Amino acid sequence: MRERKVVRVRDVMTNHFAMVDGLITIKAALEIYKEKQVTALLVNKRHDDDEYGILLLSDIAKKVLAQDRAPERINVYEVMTKPVVGVDPQMDVRYCARLFDNFGLSMAPVLSNGEVMGVVGYNQIVLDGLLTD
């Protein structure tokens, strides 16, 4: 019987994300999404005792578009999720998938010593995690 190779979050994460300030507008955030072609916008800490946030397109769809709110009048901090649940780069992707399921997540920052290394989502976990030999 063949032993299963452990695939870790660091093996499948992407470093393709953008870091923004929570005070920018949703309109500006959407422009960054399009310009950088990222899957997530992480919201930077305001100070050392603060936590990171995350802004997903689904957040904008639910809290801005569906409620017919003006994106140029809403700030990121009003729509983002904060604090964001971060994952360790050493975590087995199977446990990362369970964490996502347990907490209703679709994406999370990968944090090492309190610093963002990248992001991981279901796409990376499934496509890269299951196809890695």
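Residues numbered from 1 in each chain as written. Predicted model: local features only at pLDDT ≥ 70, side-chain atom pairs only at ≥ 80, totals over all residues. Heavy atoms only, no water.

Just give me the short version of the pattern of salt bridges, but keep the residues and values in it.
Applying the stated criterion across every chain yields a total of five salt bridges. One salt bridge connects D50 with R46, and the closest N-O pair in it is separated by 3.2 Å. Of the residues examined, D50 reaches a relative accessible area of 8% and is grouped as buried. Salt bridges sharing partners connect three or more residues here, namely R46, D50 and K82. (Salt bridge = Lys/Arg side-chain N within 4 Å of Asp/Glu carboxyl O. Buried < 20%, exposed > 50% of the residue type's maximum accessible area, 1.4 Å probe, protein only.)

Which residues make up the nonpolar core, and what are the values?
Grouped together as the largest cluster of nonpolar side chains are 15 residues, with contacts concentrated most on I26, L41, L55, I60, V64, V76 and V79. When contributions to this core are tallied by element, the ones reaching two or more residues are β1 (18-20), α2 (26-36), β2 (41-43) and α3 (57-65). Sorting elements by how many residues they give to this core places α2 first, with three residues. Beyond its immediate sequence surroundings of up to four residues, L41 is in contact with A18, V20, A29, I32, Y33, G53, I54 and L55. Judged by nonpolar contacts, the second largest core, of 13 residues, contains V9, V93, V110 and I125. (Core = buried A, V, L, I, M, F, W, Y, C linked by side-chain atoms within 4.5 Å. Helix = DSSP H or I, 4+ residues; strand = E, 2+ residues; numbered from the N terminus. Contact = heavy atoms within 4.5 Å.)

Account for the packing of α2 against α3, naming residues and giving values.
Packed helix pairs are specified by the crossing angle of their axes together with the interaxial distance, meaning the distance between the axes. Closest axis-to-axis distance for the α2/α3 pair is 12 Å, and the angle between their directions is 150 degrees. Taken together, the axes of α2 and α3 are roughly antiparallel relative to one another. In this structure, α2 crosses over α3, and the sense of that crossing is left-handed. Residues I26, L30 and Y33 of α2 lie in contact with α3, whose contacting residues are L57, I60 and V64. For the contact of α2 with α3, the class distribution of residues is six nonpolar, no polar and no charged. (Axes fitted to C-alpha atoms, helices over the stretch in contact; angles between N-to-C directions. Parallel < 35°, antiparallel > 145°, perpendicular 65-115°, else oblique. Left-handed = near helix turned anticlockwise from the far one by under 90°. Nonpolar A, V, L, I, M, F, W, Y, C, P; charged D, E, K, R; others polar.)

Interpretation in functional terms is not warranted from these geometric data alone.
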